[in-house]
Amino acid sequence: MTEDQIIGLLSSNIIYLLGAALVVVITLKGIKIVPQSEKYVVERFGRLHSVLGPGINFIVPFLDVARHKISILERQLPNATQDAITKDNVLVQIDTSVFYRILEPEKTVYRIRDVDGAIATTVAGIVRAEIGKMDLDEVQSNRAQLIERIQESVETAVDDWGIEVTRAEILDVNLDQATRDAMLQQLNAERARRAQVTEAEGQKRAVELQADADLYAAEQAAKARRVQADAEAYATGVVAKAIQDNGIEAAQYQVALKQVEALNAMGKSGGSQTIVVPANALEAFGDAFKMLKGGK
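These numbers come from a predicted model, not from an experiment. (Residues numbered from 1 in each chain as written. Predicted model: local features only at pLDDT ≥ 70, side-chain atom pairs only at ≥ 80, totals over all residues. Heavy atoms only, no water.)

Novice: Looking at this structure, how should I read the nonpolar core?
Specialist: Considering soluble globular proteins, one finds that nonpolar side chains tend to be buried as a cluster. Grouped together as the largest cluster of nonpolar side chains are 31 residues, with contacts concentrated most on Val92, Ile119, Ile131 and Ile163. Where this core is concerned, the elements lending two or more residues are strand E8 (91-102), helix H4 (115-131), helix H5 (136-141), helix H6 (143-158) and strand E9 (163-175). Among the elements that make up this core, the one with the highest residue count is H4 (seven residues). Residues contacting Ile131, with those up to four places away along its chain left out, are Ala84, Ile85, Thr86, Lys87, Val92, Ile94, Val139 and Leu146. Counting six residues, the second largest nonpolar core, distinct from the first, contains Val34, Val42, Ile59 and Ala66. (Core = buried A, V, L, I, M, F, W, Y, C linked by side-chain atoms within 4.5 Å. Buried < 20%, exposed > 50% of the residue type's maximum accessible area, 1.4 Å probe, protein only. Helix = DSSP H or I, 4+ residues; strand = E, 2+ residues; numbered from the N terminus. Contact = heavy atoms within 4.5 Å.)

This is the structure we're talking about:
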């Protein structure tokens, strides 16, 4: 084909070519592919029309416009520090961090301009209000409970903005130097008090144990004396029975036996160089032997 023929063909079919191009453009304008991490806010004639979720979406070309592309990923606000005064009038600095995500983009777009700034201001006010209800010791010891209360209050405050607060953290609670020194003195005093209490309890326990030991020793000594007394009573009963059965000879035998035992003990004494024997010692031995043989 010559150049004139090609030009003539295009001139005769220009309307069809423009129509095809227009169809392609309209088709492309009417299809919106939304990523998984985003949502599109669609306006029609400047007003909210719909919200497009992830995937393929169809809109009316030239009438509908995807005006806002909102990320629905979780976001973290920059760490913020705000001053607060506790219930017992102690100035503290609270470092906070907040995580949130947008659930309803249409509310976020049309109800609030600076989302991060609004949330940060809300968190600062809630933190000051909650800290003002607690003493310093409660702030230090009940941090988990404080975080839970702050998160609940923030969620209630930002609900109209289509936002979900997923997590709120208190990173640190800072005190001025004067308060730190006072707390250190209090801590040292408390440690000293506990040490004194522990020492006193130890001494008390030692006294109780010594008393228990003395009582146990006394009980054992009393038991020994009771056994000894029972033995002596038994021996006396045996002697009395022998005297009753055998007459005065049994008593004389016991007396003579005691004298012999006493002389024997004197002889075994290691420090004795000279033994003085009573005049009737021999008679005692003789009487004892005669009684053993049954003599009179």
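Novice: Teacher, can you tell me more about the packing of H4 against H6 here?
Specialist: Each pair of packed helices can be described by the angle between their axes along with the distance between the axes. Packing of H4 against H6 brings their axes to within 10 Å, and their N-to-C directions diverge by 135°. Taken together, H4 and H6 sit at an angle that is classed as oblique. Between H4 and H6 the crossing geometry is right-handed. Across from Ile119, Thr122, Val123, Ile126, Val127, Glu130 and Ile131 in H4, the residues of H6 making contact are Leu146, Arg149, Ile150, Ser153, Val154, Ala157 and Val158. Class assignment for the residues of the contact of H4 with H6 results in ten nonpolar, two polar and two charged. (Axes fitted to C-alpha atoms, helices over the stretch in contact; angles between N-to-C directions. Parallel < 35°, antiparallel > 145°, perpendicular 65-115°, else oblique. Left-handed = near helix turned anticlockwise from the far one by under 90°. Nonpolar A, V, L, I, M, F, W, Y, C, P; charged D, E, K, R; others polar.)

Novice: Even after reading the chapter, I still don't get a negative patch on the surface, so can you show me in this structure?
Specialist: Together, Glu148, Glu152, Glu155, Asp159 and Asp160 give the surface a local cluster of negative charge. Structurally, Asp159 can be placed in the loop between H6 and E9. (Patch = residues over 30% accessible without salt bridge, like charges linked within 9 Å, V, L, I, M, F, W, Y side chains within 5 Å. Areas by Shrake-Rupley, 256 points an atom, 1.4 Å probe, with all protein chains shown as cover. Salt bridge = Lys/Arg side-chain N within 4 Å of Asp/Glu carboxyl O. Lys, Arg positive; Asp, Glu negative; His and termini not counted. Charge placed at Lys NZ, Arg CZ, Asp CG, Glu CD.)

Novice: Would you mind going over the sheet that holds strand E3 (residues 47-52) with me for this structure?
Specialist: What links the strands of a sheet is backbone hydrogen bonding, and the strands pair in either a parallel or an antiparallel sense. A sheet is described by the order of its strands in space; here three strands give the open sequence E3-E2-E5, paired in antiparallel fashion. At either margin of the open sheet sits one strand with a lone partner, and together these are E3 and strand E5 (64-71). Taking the axes of each pair of neighbouring strands and ignoring which way they run, one obtains an average angle of 30° across the sheet. Relative to E5, strand E2 (residues 38-44) runs antiparallel, the two being bridged by seven bridges. (Pairing = 2+ DSSP bridges.)

Novice: Please clarify how the pattern of salt bridges should be interpreted in this entry.
Specialist: For side chains bearing opposite charge, pairing can occur when the charged atoms are close. According to the stated counting rule, one finds nine salt bridges in the structure shown. Between Lys107 and Glu104 there is a salt bridge, and its shortest N-O distance comes to 3.3 Å. Overall, the relative accessible area of 31% leaves Glu104 in the partly exposed class. Notably, a salt bridge pairs Glu130 with Lys133, separated by 3.7 Å at the nearest N-O pair. Under the relative-accessibility criterion, Glu130 is labelled buried at 7%. Here Lys133 falls in the exposed class, since its relative accessible area comes to 51%. Linked by salt bridges that have partners in common, Glu130, Lys133 and Arg149 make up one network.

Novice: For this particular structure, what's the right way to read unusual backbone geometry?
Specialist: Trans peptide bonds make up most of the peptide bonds, and negative phi angles are found at most residues other than glycine. Of note, Phe45 is a non-glycine position whose phi angle comes to about 60°, a positive value. Relative to the assigned elements, Phe45 resides in the loop between E2 and E3. We note that Asn89 has phi near 60°; this positive angle belongs to a residue other than glycine. Within the secondary structure, Asn89 is located in the loop between strand E7 (80-85) and E8. Judged by its relative accessible area of 67%, Asn89 is exposed.

Novice: Just checking my understanding: could you explain a nonpolar patch on the surface for this structure?
Specialist: A cluster of nonpolar side chains, Ile14, Ile15, Leu17 and Leu18, forms an exposed patch at the surface whose accessible area comes to about 420 Å². Within the fold, Leu18 resides in helix H2 (residues 14-30).

Novice: Just to check I follow, could you spell out H4 for this structure?
Specialist: The periodicity of an α-helix, 3.6 residues per turn, causes residues three or four positions apart to be oriented the same way. Helix length check: H4 (17 residues) gives 24 Å between terminal C-alpha atoms against 24 Å at 1.5 Å per residue, within 8%. Looking at H4, one finds that the buried residues are Val115, Ala118, Ile119, Thr122, Val123, Ala124, Ile126, Val127, Glu130 and Ile131. Structurally, H4 contributes buried residues whose contacts are with E7, E8, helix H3 (105-111), H5, H6 and E9. Where H4 begins, one side-chain oxygen reaches toward the backbone nitrogen of Gly117, 3.2 Å away; that side chain belongs to Asp114. (Expected span 1.5 Å × (residues − 1). Polar contact = N/O pair within 3.5 Å; in protein donor to acceptor, adjacent residues only side chain to side chain.)

Novice: Looking at this model, I keep getting lost on the side chain of Asn174. Mind explaining?
Specialist: Relative to the elements of secondary structure, Asn174 occurs in strand E9. In this structure the side chain of Asn174 is engaged in a polar contact, spanning 3.5 Å, whose partner is the side chain of Asp95. Leaving out residues up to four positions away in the same chain, Asn174 has contacts with Leu91, Val92, Gln93, Asp95 and Arg180.

Novice: Could you clarify how one ought to interpret the packing of aromatic side chains in this entry?
Specialist: The description of an aromatic ring pair rests on the distance of the ring centres and on the angle between the ring planes. Taken as a whole and judged by the stated rule, the model has zero aromatic pairs. Over the ring of Phe99 we find Arg167; its NZ or CZ atom is 4.3 Å from the centre of that ring. (Phe/Tyr/Trp six-rings, centres within 6.5 Å; stacked < 30°, edge-to-face > 60°. Lys NZ or Arg CZ within 6 Å of the ring centre and 35° of its normal.)

Interpretation note: all reported values are geometric properties and have no functional meaning in isolation.
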